[in-house]
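Residue strings, one per chain:
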Amino acid sequence: MSEQPPHSEREIAELIRAIDVPAPEALHRRIDALIAEHEQRGWRHSFLTRRAAPLRFGLAAALALGVIAAALVVGLSGGSSALTLHTAVALTLRPPTTAAPALNPHNRTELATNVEGVAFPYWDDRFGWRSTGARSDRADGHAVETVFYARGHDQWIGYAIVAGKAPMLSGGVVEQRGGTTYRFVSEDGARVVTWLRDGHLCVVSGHGVTDATLMALASWHSRGMLSS
Amino acid sequence: MRTLDPQSLSKHVDRLYRAAWALCGSREDAEDLVQETFARVLSRPRVLQGDDELYYLMRVLRNTFLTSLRTASRRPVTAAAIEDVVAADPRPTNRPEQAYEAQELYATIAQLPDNFRLAIVAVDVLGLSYREAARALRVREATLTTRLFRARKEVAERFNPNEPKSQSSDGKARAPAESYRVKEHHE
């Protein structure tokens, strides 16, 4: 703020009007993706999608973006894997089969379950996302562990970590943070972010959450205690 | 009357973002709000009565914001330590001093009561005329003018806490919260 504080209503108005801070590039990209999706699908699809969705903050964005996949497919290639992102995401959208893992007593930023040393985060204290269940699967030769989280009654997240060497990723809406590349896509009506942690493919799909929330959760690491 | 052209929306992102920031007081919440606003606008055909899309976007932003407030009030409040959450965009502007000003100003605006907040956002942040702002907020122009005046006055008072507060008819200083209860024009 300038040294002399504004005194009059007029000065306040002028000060406010002088601000022209731009929106973050990531937001521009997301809005452009929304418009591109709309151009591709037209009003009718979006309208039906919208009417089918509960009116809650964030979900409309997720569903409206849910059909971008054709334009923003994240490609998996290379490595020894035939695992597709579609398969990994599908696992995060299935119901849990076991109870939620407990908090790691030695590290309060992690749950007491991991995939080859890559632990699932504990978000309850920090973000209010509690773990609600888990499942273990095997897909295309890879063990896949998934932990499910919920916040309130209308927000769910499935967080999958894939064992073994991660495939190469390409495509999607890319965001860089802390030296890590995060790729956002839509799959089966959910928003999905995927990235690598210690060489392992991580997939987080969200219902009722926006990209900004997914990004904050995916990129969270408590002062390096949780590897990312 | 004409149908809103989706391709023309992207030019409004910056202004909508600033408006959302001033409403929410947080850049991350502002991003969510803007994204949700555009998703709503694009969910079905929109017929505009005038030429200005911005007024229409303000209306949707207002509705989305109020919906989010109602939703948030039903959700348990949880806090994240600021040092644990990476900023939404580490490079919000090429002018850091202005980002700081914006942060301080918008945080102050975000503390105002909803009606005052919406008025100052519509006119001063978004740049709508009084008439457009009144239409977007569904109030009479006189109501908007009153709210805007009080909103600016309140912001000024918060920046100058040692200056005398607004005076009541009996000459006694009013606390800011009390001054909100002065009778307004009703729509």
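Sequence order as written defines residue numbering, which begins from 1 separately in each chain. Whichever chain is written first becomes A and whichever ligand is written first becomes 1, with later ones labelled in order. Reporting in this predicted model follows two pLDDT cut-offs: at least 70 for local features of residues, and 80 or more for side-chain atom pairs to be given and counted; totals over whole chains, interfaces and linings ignore these cut-offs and use all residues.

J.: Explain the overall build of chain B to me, please; I cannot follow it from the model alone.
T.: A run of H or I in DSSP becomes a helix once it reaches four residues, and a run of E becomes a strand once it reaches two; helices and strands are each numbered from the N terminus. Of regular secondary structure, chain B possesses eight helices and two strands. Relative to its full complement of 187 residues, chain B shows a buried share of 41%. Three classes are used. A residue is buried when 20 or more other C-beta atoms lie within 10 Å of its own, exposed when 12 or fewer do, and partly exposed in between, with C-beta atoms placed from the backbone.

J.: Would you take a moment to explain the overall build of chain A for this structure?
T.: The secondary structure content of chain A amounts to six helices and eleven strands. Counting every position in chain A, which comprises 228 residues, the buried fraction comes to 45%. C-beta atoms are first placed from the backbone for all residues, and any pair lying within 7 Å is then listed as a contact. Considering only contacts in chain A between residues 6 or more positions apart, those separated by 24 or more positions represent 60%.

J.: What exactly am I supposed to notice about the sheet that holds strand β8 (residues 173-177) of chain A here?
T.: The strands that make up a sheet pair up through hydrogen bonds in the backbone, lying either parallel or antiparallel. All names here are of chain A. Two strands are said to pair when DSSP picks up at least two bridges between them. Strand order in the open sheet formed by seven strands is β4-β5-β6-β11-β10-β9-β8, with antiparallel pairing between adjacent strands. Bordering the open sheet on either side are β4 (130-139) and β8, each of which pairs with just one other strand. Adjacent strand axes in the sheet meet at a mean angle of 20° when their direction is disregarded. Note that strand β9 (residues 180-187) and strand β10 (residues 190-197) share five bridges and pair antiparallel. Its bridge partner lying in β10, arginine 183 is registered against threonine 194. Note on definitions: angles span 0 to 180 degrees between N-to-C directions of axes, and those axes are lines fitted to C-alpha atoms, for helices only across the stretch in contact.

J.: Explain the environment of lysine 11 of chain B to me, please; I cannot follow it from the model alone.
T.: You can see lysine 11 of chain B is positioned in the loop between β1 (2-3) and α1 (13-24). C-alpha separation for the pair lysine 11 of chain B and leucine 54 of chain B, spaced 43 residues apart in sequence, amounts to 10.0 Å.

J.: Sorry, what's going on with the pairing of β8 of chain A here?
T.: Put simply, side chains in a regular strand alternate between the two faces of the sheet. Pairing of β8 of chain A with β9 of chain A involves five bridges; the strand directions are antiparallel. Of the residues in β9 of chain A, the one forming a bridge with arginine 177 of chain A is threonine 180 of chain A.

J.: Please clarify how α1 of chain B should be interpreted in this entry.
T.: Every α-helix carries 3.6 residues per turn, so stepping three or four residues along brings you back to the same face. Residue and element names in this part refer to chain B. Over its twelve residues, α1 runs 16 Å from end to end, which matches the ideal 16 Å to within 8%, given 1.5 Å per residue. Burial analysis of α1 places eleven of its twelve residues in the buried class, the great majority of the element. For α1, the set of buried residues is Val13, Arg15, Leu16, Tyr17, Arg18, Ala19, Ala20, Trp21, Ala22, Leu23 and Cys24. Remark: glycine 25 follows α1 within two positions and exhibits a positive phi of approximately 80°. Helix span, expected: 1.5 Å multiplied by one less than the number of residues in the helix.

J.: Got a minute to help me understand the packing of helix α6 (residues 130-137) of chain B against helix α7 (residues 141-159) of chain B in this structure?
T.: Helix-helix packing: each pair is described by the crossing angle between the helix axes and the interaxial distance. All names here are of chain B. Between α6 and α7, the least distance of the axes is 9 Å, while the angle of their chain directions is 100°. In this view, α6 runs roughly perpendicular relative to α7, as classed from their interaxial angle. On α7, the residues touching Tyr130, Arg131, Ala133, Ala134 and Leu137 of α6 are Glu141, Leu144 and Thr145. Asp, Glu, Lys and Arg are counted as charged, while Ala, Val, Leu, Ile, Met, Phe, Trp, Tyr, Cys and Pro are counted as nonpolar; the rest, among them Gly, fall into the polar class. Residues belonging to the contact of α6 with α7 are distributed by class as follows: five nonpolar, one polar and two charged. Note that the term roughly parallel is reserved for angles under 35 degrees, roughly antiparallel for angles over 145, roughly perpendicular for angles of 65 to 115, and oblique for everything else.

J.: Any chance you could explain the nonpolar core here in plain terms?
T.: In a soluble, globular protein the nonpolar side chains are often hidden away together inside. By convention in this section, buried Ala, Val, Leu, Ile, Met, Phe, Trp, Tyr and Cys residues joined through C-beta atoms within 7 Å make up a nonpolar core. If you look at the biggest cluster of nonpolar residues, it comprises 103 residues, and the most contacted ones within it are Val204 of chain A together with Ala20, Ala119, Val121 and Ala122 of chain B. Considering each element in turn, this core owes the most residues, nine residues, to α1 of chain B. With residues near it in sequence (within four places) discarded, alanine 122 of chain B still touches Met58, Leu128, Ala133, Ala136 and Leu137 of chain B.

J.: Before we go on, may I ask you to explain helix α1 (residues 9-18) of chain A in this structure?
T.: All names here are of chain A. For α1, the full list of buried residues reads Ile12, Leu15 and Ile16. The buried residues of α1 occupy an angular sector of 95° when projected down its axis, which confines them to one face. The exposed set on the far side of α1, more than 90 degrees from its buried face, consists of Arg10, Glu14 and Ala18. Within this analysis, the arc is defined by the directions that extend from the helix axis to the C-beta atoms.

J.: Help me understand unusual backbone geometry, please; the structure alone is not making it clear to me.
T.: Trans peptide bonds make up most of the peptide bonds, and negative phi angles are found at most residues other than glycine. Residues and elements named next belong to chain A. Its identity as a non-glycine residue notwithstanding, glutamate 116 has a phi of 50°, on the positive side. By the secondary structure assignment, glutamate 116 is in the loop between β2 (110-115) and β3 (118-121). Residue glutamate 116 is classed as partly exposed on the basis of its 13 C-beta neighbours within 10 Å. Phi at aspartate 198 is positive, roughly 50°, even though this residue is not glycine. Note on placement: aspartate 198 falls in the loop between β10 and β11 (200-207).

J.: Please clarify how the confidence of the model for chain B should be interpreted in this entry.
T.: Detail in the predicted coordinates should be disregarded across regions flagged by low pLDDT. Residues and elements named next belong to chain B. Residue-level confidence of the predictor is what pLDDT reports, using numbers from 0 through 100. Within chain B, residue pLDDT values average 73, and 68% of them lie at 70 or more. Note on residues 74-96: pLDDT is under 50 here. Beyond four places in sequence and across chains, it has 33 contacts. Note on residues 166-187: pLDDT is under 50 here. Beyond four places in sequence and across chains, it has 26 contacts. The complex prediction reports pTM at 0.51, with the ipTM value standing at 0.74.

J.: How should I be thinking about the pairing of β2 of chain A in this particular structure?
T.: Residue and element names in this part refer to chain A. As defined by bridge partners, β2 adjoins β3 across three bridges and the pair is classed as antiparallel. Across the sheet, the residue bridging to valine 115 is valine 118, located in β3. As consecutive antiparallel partners, β2 and β3 are separated by two residues, and within that stretch glutamate 116 has a phi angle of approximately 50°, a positive value.

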